[in-house]
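Structural overview for review
Chain by chain, the residues run as shown.
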Amino acid sequence: MIDMTSVLGLILGGGQGTRLNPLTRDRAKPAVPLGGKYRLIDIPMSNCFHADIDKIAILTQFNSASLHRHIYRTYMRDNFSKGWVQILAAEQTPTSRDWYQGTADAVRKQWIEIHEAHTEHILVLAGDHLYRMDYRKFAQYHVDHEADVTVAVQPVSREDAPSLGILKLDNDNRIVHFHEKPQTDEDLDSLPSGGNTSKPFMASMGIYIFRTAALAELLEQNPTDDDFGKHIIPAALKTHNVYGYQFKGYWEDIGTIRRFYEVNLDMAKPDPPFDFYDAEAPIYTHPRFLPGSEIHGASLHNVLISDGCRIDEATIRQSVIGVRSVVGASVTMNRVVMMGADYFETDDDKEQNKRLNRPDMGIGYGCVIEDAIIDKNARIGRGVIIRSNPDREEEENENWSVKEGLVIVSKNAIIPDNTVI
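Residues numbered from 1 in each chain as written. Predicted model: local features only at pLDDT ≥ 70, side-chain atom pairs only at ≥ 80, totals over all residues. Heavy atoms only, no water.

So, about the overall build of the chain. When helices and strands are tallied, the chain shows 10 helices and 27 strands. Taken against the 2.2 N^0.38 rule, which gives 22 Å for 421 residues, the C-alpha radius of gyration of the chain at 23 Å falls within 12% of a compact globule. Within the chain, counting contacts between residues at least 6 apart in sequence, those at least 24 apart form 64% of the total. Roughly 19,400 Å² of accessible area belongs to the chain as shown, and the carbon and sulfur atoms make up 45% of that amount. Across the chain, 45 positive and 61 negative side-chain charges occur, with their mean positions spaced 4 Å apart. (Helix = DSSP H or I, 4+ residues; strand = E, 2+ residues; numbered from the N terminus. Rg over C-alpha atoms; globule rule 2.2 N^0.38 Å. Contact = heavy atoms within 4.5 Å. Areas by Shrake-Rupley, 256 points an atom, 1.4 Å probe, with all protein chains shown as cover. Lys, Arg positive; Asp, Glu negative; His and termini not counted. Charge placed at Lys NZ, Arg CZ, Asp CG, Glu CD.)

Have a look at this one:
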């Protein structure tokens, strides 16, 4: 069996996350809240801990302050731990004056620190996926096949294929062709792997394990190649042993506003496709020591509610309610992802709100909100109506946006009484 102390977990968290804007306007993509109380970074971090990977490095770049704070508060190891969690932030050096230009370029620019981990293998992970994988099985497969590179793969539909790296496997699961985000029918028609008629294409999950020496060779041999999917993996097919590891569990790439919204709402279903309640492999996050939620006369149907919430006589359906959320009486919410708040308002805070003529944090009396994402610390006044539909034109304002048929209320937004959006 492989010794997992010989594997470095490397989480790529430096991307700008433009497709998740405005949720990434003030935070890094891996710091985006998930499931009411978690952040996206918690998924690969938890998977690493369950796999006994004790050396973890996180590459960061854009809007990284809240991500760094979350990592330091949640995952710093004590003096008696053999491993470590290290943040590798983009920086200017005597040999490089540029920001990360892509996933592979980020690794290349931090190679000195990565090499000093002295591990035989490097597990490269994304910071915006939702899944639970036993990396020990993945790494063992990699070693058993004497692979230089192993890519986690999964069947996908024709509809999803253009947004992913699509590949072909031979009978031994060796990758023989790789096409990053094929856009034309001609490209797609040349790539089906067969077998599953509803999901005929085999896609890269953006999860790779490299022999450290092989990764060093690939980065050196292709010095201008900046991205793993576009450049490094296709180049490796010509010179190295590259295999596919077929993962059969739940996996979602939370790369767009719509996918983020739908994945969150899935968690409020009676039988959610992803189980946060797995006793064998729980998802870790920052411990907040919050009280239990208070619910007074509310009507709730398929709702996921986090800690520290206060909900009066509201009607809430198919929604996720994040930590410290406050929902007033006579509120109707349908298909809403509410991220909650970073702190509780005190009586003095509420008196100041009155003086400033602004709503308290949370959702005020008599609001109707449907098909929306409400970011943290939002202040929504009394009688506000927020509705959207798939055909609504995209729009961006200081306090709210319309994107992919959804209304997104921005972090720290103030929505005055009786506003209609």
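There's more to say after this.
Here helix α7 (residues 212-221) crosses helix α8 (residues 228-239) at 110 degrees, and the two axes come no closer than 10 Å. When the axes of α7 and α8 are compared, the pair comes out roughly perpendicular. Note on element contacts: α8 touches α7 through Phe228, Ile232, Ala236 and Thr239, opposite Leu215, Leu218, Leu219 and Gln221. A class-by-class count of the residues in the contact of α7 with α8 yields six nonpolar, two polar and no charged. (Axes fitted to C-alpha atoms, helices over the stretch in contact; angles between N-to-C directions. Parallel < 35°, antiparallel > 145°, perpendicular 65-115°, else oblique. Nonpolar A, V, L, I, M, F, W, Y, C, P; charged D, E, K, R; others polar.)

In terms of nonpolar packing, the biggest core is built from 70 residues, with Leu130, Tyr135 and Ile373 touching the most fellow members. With 31 residues, the next largest nonpolar core counts Ala104, Ile122, Leu218 and Ala236 among its residues. (Core = buried A, V, L, I, M, F, W, Y, C linked by side-chain atoms within 4.5 Å. Buried < 20%, exposed > 50% of the residue type's maximum accessible area, 1.4 Å probe, protein only.)

Another aspect to go through is helix α2 (residues 65-75). Those residues of α2 that sit buried are Ser66, Leu67, His68, His70, Ile71, Thr74 and Tyr75. Residues of α2 that are buried sit in contact with β1 (7-13), β3 (38-39), α1 (42-50), β4 (55-60) and β5 (84-89).

Okay, the environment of asparagine 241 next. By the element assignment, asparagine 241 lies in the loop between α8 and β12 (242-246). The sequence separation of asparagine 241 and threonine 346 amounts to 105 residues, and the corresponding C-alpha distance is 60 Å. With sequence-adjacent residues up to four places away left out, asparagine 241 is seen in contact with Glu146, Ala147, Asp148, Val149 and Arg174. Within polar-contact distance, the side chain of asparagine 241 engages the side chain of arginine 174 at 2.9 Å. (Polar contact = N/O pair within 3.5 Å; in protein donor to acceptor, adjacent residues only side chain to side chain.)

Our focus in this paragraph is unusual backbone geometry. With an omega dihedral of 15 degrees, the bond running from asparagine 21 to proline 22 counts as a cis peptide bond. Along the chain, proline 22 falls in the loop between β1 and β2 (33-34). In this structure, histidine 118 is a non-glycine residue whose phi angle is positive, near 55 degrees. A positive phi angle, near 55 degrees, is found at arginine 335, a position not held by glycine. Position of arginine 335 relative to the elements: it lies in strand β19 (residues 332-338).

In this structure, strand β15 (residues 299-305) lies alongside strand β17 (residues 315-321), joined through six bridges in parallel fashion. In the sheet register, valine 303 faces β17, and the bridge partner there is serine 319. (Pairing = 2+ DSSP bridges.)

Before going further, it helps to spend a moment on the pattern of salt bridges. Applying the stated criterion across every chain, the model contains 22 salt bridges. For arginine 158, the salt bridge is made with aspartate 185, and the minimal N-O distance between the two is 3.7 Å. With arginine 158 in the loop between β8 (149-156) and β9 (165-169) and aspartate 185 in helix α6 (residues 185-189), the pair connects residues that are 27 residues apart, well separated along the chain. Three or more residues are tied together by salt bridges with common partners; here these are Asp105, Arg108, Lys109 and Asp226. (Salt bridge = Lys/Arg side-chain N within 4 Å of Asp/Glu carboxyl O.)

So, about the packing of aromatic side chains. A complete count under the given rule lists 11 aromatic pairs for this structure. Aromatic side chains tyrosine 131 and tyrosine 135 sit 6.4 Å apart centroid to centroid with 55 degrees between the ring planes, which places their arrangement in the tilted category. What makes tyrosine 131 buried here is its relative accessible area of 0%. On the basis of an interplanar angle of 45 degrees and a centroid distance of 5.8 Å, the ring pair of tyrosine 250 and phenylalanine 274 is categorised as tilted. (Phe/Tyr/Trp six-rings, centres within 6.5 Å; stacked < 30°, edge-to-face > 60°.)

Here we take up the state of the cysteines. As enumerated under the stated definition, the model contains zero disulfides in all. Sulfur of cysteine 367: no disulfide; nearest cysteine sulfur belongs to cysteine 309 and is 16 Å away. What makes cysteine 367 buried here is its relative accessible area of 0%. (Disulfide = S-S within 2.5 Å.)

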